[in-house]
Amino acid sequence: MDNKYALVTGAAGGIGFELARCAAGDGYSLIIVGSNEDRLKTAQKSLESEFPVNVVALVQDLSVPGSAEGLYGEVEKRGLDVVCLVNNAGFGTIGPAETIPLDKDERMLTLNVITPTELCKLFLPQMYQKHSGKILNIASTGAFNPGPYTGSYFASKSYVLSYTKALRYEAKSRGVQVSALCPGTTRTRFFEKEGMDTPVWAMSPESVARAGWRGLRAGCGVIVPGMMNKLIRLVPSGIKTFFTAQMKKSD
Ligand SMILES: NC(=O)c1ccc[n+]([C@@H]2O[C@H](COP(=O)([O-])OP(=O)(O)OC[C@H]3O[C@@H](n4cnc5c(N)ncnc54)[C@H](OP(=O)(O)O)[C@@H]3O)[C@@H](O)[C@H]2O)c1
């Protein structure tokens, strides 16, 4: 699988780095993408030392409009054959809706919604042409209910889940498999960036990524890692909405 690349956005750390490890373990060469050059180079070195695959690191701030086209152009210019696309990069915003700065929500929505949508649209035609390929979009268990005090983030993940299910339907007869991974609370830099402590019950990014990769390989549509998250999915939406509000409300 030497020249077959898996492109993983947000692969410098957290769930994305672990998904890149899963892909490399299956023999895919890697294109890892992140906004911070130092973190990305560190991840590249670590992946290259662990796996005998090519690892191409592309620095790109995917929260900027037009960045998906910029990334696609760079991949095309280098002649890299992307057979697996993992849209993982994302962050959350918290607080009462009117207090979250417009530009912060805009960047979050571009990163979580616009860029993955555009990357799917850009890479799908060549996958359809070859009648093969895989796309894994990272949503969240937050996609299943509204999230007061993190409303735009939860809504962005509902979009990812809905869009992924729609694409999956379209792509099924054209040889391309599209799946959504819906992690629950996971021990990464995610909560720290939101300004919160990581809850003690958080899953490890390794186990989340392994479940996601297993699900992708098995052709699952919606992958919810961990027994607790699977059970929480069954809880009525109104109850989950209430508990999300308690968790995300700052005072
Ligand atoms: N942790 C959780 O509890 C949890 C739960 C459900 C869903 N998720 C989702 O899982 C995905 C991965 O998050 P994580 O938990 O692994 O968090 P993380 O450790 O903060 O990782 C996020 C990744 O995205 C990259 N990224 C952030 N901003 C970027 C930008 N503007 N351009 C390009 N890359 C950017 C980061 O790298 P750089 O900062 O170096 O660019 C990093 O590699 C996200 O979509 C998140 O919404 C997380």
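Read on for a plain summary of the structure.

Topic: the overall build of the protein chain
Move 1: The helix and strand inventory of the protein chain stands at nine helices and seven strands.
Move 2: Along the three orthogonal principal directions, the C-alpha set of the protein chain runs to about 50 × 40 × 30 Å.
Move 3: Scored against the burial criterion, the 251 residues of the protein chain give a buried share of 45%.
Move 4: Of all intrachain contacts in the protein chain linking residues separated by at least 6 positions in sequence, the fraction that spans at least 24 positions is 69%.

Some details on the site of the ligand
Move 1: Taken together, 30 residues lie near the ligand, and Gly10, Gly14, Ser35, Gly90 and Thr188 sit nearest.
Move 2: At the level of secondary structure, the elements contributing two or more residues to the shell around the ligand comprise α1 (14-25) and α6 (190-194).
Move 3: By residue number, the principal contributor to the shell around the ligand is α1, which donates three residues.
Move 4: Of the residues in the shell around the ligand, the class split is eleven nonpolar, 15 polar and four charged.

Section: the nonpolar core
Move 1: By size, the foremost hydrophobic cluster in this structure holds 60 residues, and its most contacted members are Leu7, Val8, Ala20, Ala23, Leu30 and Ile32.
Move 2: The biggest single contributor to this core is α1, with seven residues.
Move 3: With residues near it in sequence (within four places) discarded, leucine 7 still touches Ile31, Val33, Val75, Val82, Leu85 and Val86.

Procedures and definitions
Residues numbered from 1 in each chain as written. Predicted model: local features only at pLDDT ≥ 70, side-chain atom pairs only at ≥ 80, totals over all residues. Helix = DSSP H or I, 4+ residues; strand = E, 2+ residues; numbered from the N terminus. Buried ≥ 20, exposed ≤ 12 C-beta atoms within 10 Å, placed from the backbone. Contact = placed C-beta atoms within 7 Å. Near = placed C-beta within 6 Å. Nonpolar A, V, L, I, M, F, W, Y, C, P; charged D, E, K, R; others polar. Core = buried A, V, L, I, M, F, W, Y, C linked by C-beta atoms within 7 Å.

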